[in-house]
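Analysis of the macromolecular model
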Amino acid sequence: DTSPGSVWPQPQSQTSTSQTYPVLAEKFAFTYTSSSFRCSLLDEAFKRYQMLIMNAAARSKLHFRPRAPYTITTLDINLMAKCEDYPSLDMNEAYSLDVGESSTQLQAESVWGILRGLETFSQLLWQTETGEILANKTNIIDHPRYSHRGILLDTSRHYLPLSVIFDNLEAMAYNKINVFHWHIVDDQSFPYVSEIYPDLSRKGAYTSLSHIYTPDDVAAVIEFARLRGIRVVPEFDTPGHSQSWGKGQPGLLTPCYSGDKPTGSYGPINPIVDSTYTFIQTLFTELRNVFPDKYIHLGGDEVSFACWQSNPDINNYMKNLNITGKYNELEQIYVQKVLNISGQIGFSYIVWQEVVDNQVQLKDDTVVEVWINNHPDEELAKVTKLGYRALLAAPWYLDYISTGEDWMKYYLEEPSNFNGTDAQKKLLIGGEACLWGEYVDGSNVTPRLWPRASAVAERLWSSKDVNDVTKATPRLHQHRCRMVKRGISAQPLHPGYCVHDWG
Ligand SMILES: CC(=O)N[C@H]1NC[C@H](CO)[C@H](O)[C@@H]1O
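Residues numbered from 1 in each chain as written. Predicted model: local features only at pLDDT ≥ 70, side-chain atom pairs only at ≥ 80, totals over all residues. Heavy atoms only, no water.

Description of the overall build of the chain
Across its full length, the chain carries 17 helices and 17 strands. Overall size of the chain, expressed as C-alpha extent along the three principal axes, is 85 × 50 × 50 Å. Split into buried and exposed, the 503 residues of the chain put 58% on the buried side. Expressed as a percentage of contacts within the chain between residues at least 6 apart in sequence, the contacts between residues at least 24 apart total 75%. Carbon and sulfur atoms make up 52% of the accessible area of the chain, which amounts to about 20,200 Å² in all. (Helix = DSSP H or I, 4+ residues; strand = E, 2+ residues; numbered from the N terminus. Buried < 20%, exposed > 50% of the residue type's maximum accessible area, 1.4 Å probe, protein only. Contact = heavy atoms within 4.5 Å. Areas by Shrake-Rupley, 256 points an atom, 1.4 Å probe, with all protein chains shown as cover.)

A short note on the site of the ligand
Around the ligand lies a shell formed by Arg157, His241, Asp301, Glu302, Trp352, Trp371, Tyr397, Asp399, Tyr400, Trp436 and Glu438. In this structure, an oxygen atom belonging to the ligand sits 2.8 Å away from a side-chain N or O atom of Arg157. A distance of 2.6 Å separates an oxygen atom of the ligand from a polar side-chain atom of Asp399. For the ligand, the accessible surface in isolation is 350 Å², of which the surrounding protein chains cover 90%. In terms of residue class, the shell around the ligand is built from 5 nonpolar, 1 polar and 5 charged. (Near = heavy atom within 4 Å. Polar contact = N/O pair within 3.5 Å; in protein donor to acceptor, adjacent residues only side chain to side chain. Nonpolar A, V, L, I, M, F, W, Y, C, P; charged D, E, K, R; others polar.)

Considerations on the nonpolar core
Ranked by size, the top nonpolar core spans 134 residues in total, and within it Leu118, Phe236 and Trp450 carry the most contacts. Those residues in contact with Trp450, other than ones at most four positions away along the chain, are Ile151, Asn168, Ala171, Met172, Asn175, Ile177, Met483, Ile488, Ala490 and Gln491. (Core = buried A, V, L, I, M, F, W, Y, C linked by side-chain atoms within 4.5 Å.)

Overview of helix 16 (residues 452-461)
Of all 10 residues making up helix 16, 10 are buried, and the element is well covered by its neighbours. What helix 16 keeps buried is the set Arg452, Ala453, Ser454, Ala455, Val456, Ala457, Glu458, Arg459, Leu460 and Trp461.

Some thoughts on unusual backbone geometry
Here Trp8 and Pro9 are connected by a cis peptide whose omega angle stands at 0 degrees. By the element assignment, Pro9 lies in the segment before strand 1 (13-22). With phi around 60 degrees, Lys176 is a residue other than glycine that occupies positive phi space. Residue placement: Lys176 occurs in the loop between helix 3 (162-174) and strand 9 (179-183). The phi dihedral of Gln359 is positive, around 55 degrees, even though this residue is not glycine. Here Gln359 is to be found in the loop between helix 11 (354-357) and strand 15 (367-370). Given a relative accessible area of 49%, Gln359 falls into the partly exposed group.

Structural measurements only, silent on function.
What follows is the structure in structure tokens.
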């Protein structure tokens, strides 16, 4: 692209001049300063970015003689603390980057800040018509506005091949997204292979041969994400959205009745039998050892009471507890027990907003995800007033598609626009773009996600006052072209072309 490299998401502070320096792209090197900490995670990142920088140059159709000796041949890395193993909610992603004649240096207090700075540096490089790679004299001091910046992918409504998950984790890193919310199971299929309950996928996956995620697959996703500073937060949604669980775990779901006879269909997980909680305890103990992130997403959305209402055992149970007819209190009992089990196992947890709407008592470190797009600002006010941290997803349901440039609508959302004290505003820790899988699979997930999710990425990383769609449009066009050049099939924003078009 023949305009100076613009960075997406926009850094908190950036000063660039028109002074440019030729970059020796073919043999670019990352070097550690003498005092820097080092680790293999960074060495891996250097290899990835060397490839990206080299490919940027290799794409040029013309060969050129550099008009001046190369000025920039290396980027000095100064990591001021030893590498951490896994990204986390409270990781420090701040960094500072100087691109200049005498020195080109990237500095951060944590390895995650170096990763974010490497991405920024790679975006500063641009290519002239003659194919030369240049960088402008630049100073950047940057950090994210929100610490949880997520993408939800749903691998139950449609299975997503690992290669597609990896492509989108790569794209998330290009956008500084730092959470992969893996909505791994739901009503339609159970692709997660549990070692302790193998029948869950054997009977609950679409096919138990190819539409599954084995323990090695799950470990590969977690490692691929870790190397890019992306957390993997799995969601095991109950008591609703769990039809597929019943295939491999008989007796788990509530039998629905018509009159005094079971109909043969099933509803939410059965909350009145002890076997339910033994099962949850055992499965979640396995999950604690499979997923390293502190948080698990427990779901709790869209629980239909119809089946519970039809079941005589359920109604007897409720009568004995003197909660006849109050099915949300029965849901509370279930959710309360699952939260307690999860807490005892060592998980902190995220839940959908209905858990709060149904007045379930939560641990105070619970994160509540607001997804119902009906005055979500009022829900944010309610949730943070109760003292819980919150995530905003409601305006960013990317599975709702339309023609035209809906990225602008996502871009103009201001998450902090709700009534609350400063303390309440601080409880809003970020948000997520959700691409549910009813109509999405490996064939269309990437173009449907990108660059629309890039609008959410900037909203959650950049300063609140970076909200001018007119200024963002050329930058997002360039960012989309960059993703295409890097092999991400991001769809176009509007008529036009990329200097290095697809293919
Ligand atoms: C929390 C949540 O969003 N629950 C359901 N709501 C509608 C979605 C599609 O837009 C999905 O079906 C999802 O499972």
